[in-house]
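Given next are the chains, with one letter for each unit.
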Amino acid sequence: MPTAAAAAAASTTFAPPRARRPLLLAGARPPPARCRHAPREPTRPRAVAVASSSASSSSASTPPPSDDAAARRRRRRGVREYVEAAREMARRKDGGPPRWFSPLECGAGGGRVAGAPTLLYLPGIDGVGLGLTRHHEKLARMFELWCLHIPVEDRTSFEGLVEYVETTVKSESSRAPNRPVYLVAESVGACIALAVAVRNPDIDLVLILVNPGTSFHKSQLQTLSAFLDLVPEPFHLTTPQLLNFLTGNFLKMPSTFVGRGFSVEAGQTLSEITSSLLASLMFLVDILTKESIVWKLKMLKTASSFVNSRLHAVKAQTLVLASGNDELLPSSQEAERLRGALEKCRTRLFRDNGHKILLEAEFDLATTIKGAGYYRRSKKTDFVSDYLPPTADELQYAINRDRALYFMTDPVLLSTLPDGKIVRGLAGLPREGPAVLVGYHMLLGLELGAMVTGVLRSTGVHIRGLAHPFMFDKNAEQLMPDSAYFDLHRLMGAVPVTGPNFYKLLADKEFVLLYPGGAREALHRKGEEYKLFWPEQPEFVRMASRFGATIIPFGVVGEDDICDLLLDYNDLQKLPFYDMLDKALNRDGLRLRADSMGELKDQGMHPVVVAPKVPGRFYFVFGKPIETRGREKELRDREEAQQLYLQVKFEVESCINYLKEKRENDPYRGILPRLLYHAVHGPNAEVPTFEP
C-alpha cells in the first residue's frame, strides 16, 4: 500500500502562478491533459498541492503560528519526506514541460502574514522542486510559496527555463508592484535566478542563492562531465564526485533525528531509517539518470558561463548561503567572489554543512533570511513594520547561544512595584506598551541577551532595541569574526537607532530599549565602569510623552565580576597601524551624534581586549515606572522635559548604586557557591540571592 506521500504525490496538480497564457518552451512538449494550467488572464490559482508524509491530503490549511512543536516534528522528518515524494514524482516519466506547484502545507491558511511577498523556489540539479521540504510550513507564514518542478525527462534549455521563470516574475511584480519577488535558488537554479535578474534590472527581486552553480568551472562537476559518457548506467552514481555527494548528505539523515539526545523514540526512528536507507537511496536512480545528469551538467556549464559574464548587470538584493563542506562546488570561495562582484550582496557561511544544506538538520532558511535582514514586504526594508517576532525555535536558539554566559553569571532580575518596594522577579514591570526602558550599557553589551530573553520568557514582553547602525552595515559585518555576528540581534528585534524608527515603535505600542550612552558607554575606557555618558539634551523624553509612553529606568552590574579591561581605545591608538582599522570601522554613514560635543561626538566603534575572571553574577533592577500619560502638554516645555530627563538619569544611577551595595550581601555571588547549590537542589533550581 502506498504511503500518504506517495498517494498525494501521484495526484499532484500543477499551475504557474498567474501566467498570462499556457507557456510552451523551447524543447518542451505540450502539457499533459492532467496538468491544470492558468487561464489567459492573470488569476490566482486554486489550491494546488504536493503533500508530505507528515500530512494527509485533506489537511490543506497552514497550522496555527503557535504550533511550533508540531512543526519541529515535521521538520525532523524532512529528509524522508523528500525521498518518498521525490521518488513518486520522478517515476511518472513525465516529459514536461516544467511547471509550478505549491506544497500542501503552504495552502491558504490563517497563519500567513498580511502582504506576504511571493517566493519562487528554483531547484538544483535534481529538478524535483522539493528541496524546501523541511522549511515549507515556516516559509508559508512569511511568503506565498511556489516551487518549480522540472520532470526528469524534460529537456527544456537554460534559455527556456529563464524565460519561463521570467514570465512568472513579471506577472507577480505586475500584480503587487510594491512588493519584492523572492527567488530562492540552488546550484543551477541560482544561475537561472541571476539570469532573470540580469534581464530585469527594474523589477524588485530578492535573490537567496544556495551554493550557486556559478563556480562550475572550478568544481569537480566539470571533471565529472568530461568522462561521464564512458560510465555505464547505473554505475554513474558510483563516480567519486557523486558518491561523495550522496554519502555526505544522506548518511547525515540519522543526525536529524537524534542530534538533540538519544531516547526510545529516537532509537526507534534511527533503526527505521537505517533499515530503509538503501531503499531511500534507490530513488536517485530515477532522478539522477545518466542521460539527465549529462544534460543538466551541460546546462550548468552554459548557465555558469552566461551568468559570470553578466554579473556586473545584477542589481537585485542578493544573499549567498554557502556550505563549508560542499561536496560538489567550492561554495565558500564562490560566495566571497560574488560578494565582491555583485552590487547588493551579502554572504552567510555554514562551515559544517554540505551541498544539500536545505535538507540538513539544524539549518533554518526562514531564520537565516530574517537574521540577515532580508525579509521585507515593501520596496525598502522597514525594520519595524516588516519584523516578525521570534518563533519558539528562534527564541530557544537565542537562549542557547547565550547559555554559557547565562550559566556563568546566573542573572538576578529584580523589579519595583508601584509602592516602591523592590522584589525578585518582574512583577513590577508593566505588561502593556508603549514603554521605553532606559538604562546603563555594560561593556560590550554583555547584559543584552540575559535581559531580552529573560523578560520575554518570564512575562511575554518583547523588547525591541535601538541599535547602532554599524550592526546593519554590509561592509561592517565583514570586519567581524563571522558575517552573521549580528544576525541574532536582528532576529530578536533590534532596529537602527533613528528618530523615525523610535517613533514607529512607540506608535505600535512596543517596549523600546534605549541606551542614551550608546557606544561610548558600551565601549568605555578603563576605570569608567558604571559611569553614564548621556548627552545633555532630553532626546527621548519628549518623544515618549507624545505617545504617553511609560519610562522604565533600570540598572545592571556585574561586568567587573567577569572580566578585566586590558586594552581600551586609548591603548589601541598607540598601536602601529591601528588608525587603518579605526577608519574602516568608523567611516562616513556609521557615526551617531555627529553634532555633539566632546567625548560623546561620533559614537565611534572600536575593539577592546579583556581578560576573563572567575565569574561573579549579573544583577538587574527595573526601577519604578514613570508615567508620561496625561503630561503631554506639560512635557512639550523644554525645561519640564529636561527635569524629567534628569530624574530618569538619577533613577538609573540609583539603581546601579543599589545593586553595587546589595550584591555584597549575596552569599551566591561567586560561581562556586552556585555550583554547590545546584549540586544539592538540582540544575534547574533558582539560586537564592540577597534580600531586596
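What counts and what doesn't
Residues numbered from 1 in each chain as written. Predicted model: local features only at pLDDT ≥ 70, side-chain atom pairs only at ≥ 80, totals over all residues. Heavy atoms only, no water. UniProt positions renumbered as here; feature names shortened; annotations may be inferred. Helix = DSSP H or I, 4+ residues; strand = E, 2+ residues; numbered from the N terminus. Contact = heavy atoms within 4.5 Å. Areas by Shrake-Rupley, 256 points an atom, 1.4 Å probe, with all protein chains shown as cover. Pairing = 2+ DSSP bridges. Axes fitted to C-alpha atoms, helices over the stretch in contact; angles between N-to-C directions. Buried < 20%, exposed > 50% of the residue type's maximum accessible area, 1.4 Å probe, protein only. Arc of directions from axis to C-beta. Right-handed = clockwise from strand over helix to strand, strands pointing away.

The protein chain appears in an unreviewed UniProt entry as Serine aminopeptidase S33 domain-containing protein from Urochloa decumbens. Note on the protein chain: under the UniProt heading Sequence similarities (unreviewed entry), the record states "Belongs to the diacylglycerol acyltransferase family."

(A) Region of the structure containing the overall build of the protein chain. For the protein chain, the helix and strand inventory stands at 26 helices and 18 strands. The long-range fraction of contacts in the protein chain, counting pairs at least 24 apart against all pairs at least 6 apart in sequence, stands at 82%. For the protein chain, the exposed area adds up to about 29,200 Å²; of that, 54% sits on carbon and sulfur atoms.

(B) Region of interest: the sheet that holds strand β6 (residues 317-323). The strand order across the open sheet formed by 7 strands is β1-β3-β2-β4-β5-β6-β7, and the pairing between neighbours is mixed. Both outer strands of the open sheet, β1 (99-101) and β7 (345-350), are each paired with one neighbouring strand and no more. Adjacent strand axes in the sheet meet at a mean angle of 20 degrees when their direction is disregarded. Pairing of strand β2 (residues 118-122) with strand β3 (residues 144-149) involves 4 bridges; the strand directions are parallel. Paired with Leu120 across the strands is Trp146, a residue of β3. Against the sheet, helix α13 (residues 331-341) makes contact with β5 (205-212), β6 and β7, and its axis sits at roughly 160 degrees relative to β6, the strand it touches most.

(C) Broad picture of helix α20 (residues 499-507). Considered for burial, the residues of α20 that qualify are Asn501, Phe502, Leu505 and Leu506. Down the axis of α20, the sector holding all buried residues measures 130 degrees, keeping them to one side. Two residues or fewer after α20 comes Lys509, characterised by a positive phi angle close to 60 degrees.

(D) Spotlight on the environment of Met442. Topologically, Met442 is positioned in the loop between β10 (435-439) and α17 (448-459). Classification of Met442 as buried rests on a relative accessible area of 0%. Residues Met442 and Ala522 lie 80 residues apart in sequence; the distance between their C-alpha atoms is 5.4 Å. Ignoring anything within four residues of it in the chain, the contact list for Met442 reads Glu447, Ala522, Val556, Val557, Gly558, Glu559 and Phe618.

(E) Main features of the pairing of β6. Within β6, 7 of the 7 residues are buried, which leaves it mostly tucked inside the rest of the structure. Judged by which residues are buried, β6 turns out to be covered on both faces: Gln317, Leu319, Leu321 and Ser323 on one side and Thr318, Val320 and Ala322 on the other are all buried. Sheet topology places β5 next to β6; 5 bridges connect them, and they run parallel. Pairing of Val206 across the sheet is with Gln317, part of β6. Alignment of β6 against β7, held across 6 bridges, turns out to be parallel. Bridged to Leu321 within β7 is Arg348. Viewed along the sheet, the connection from β6 through α13 into β7 turns out right-handed.

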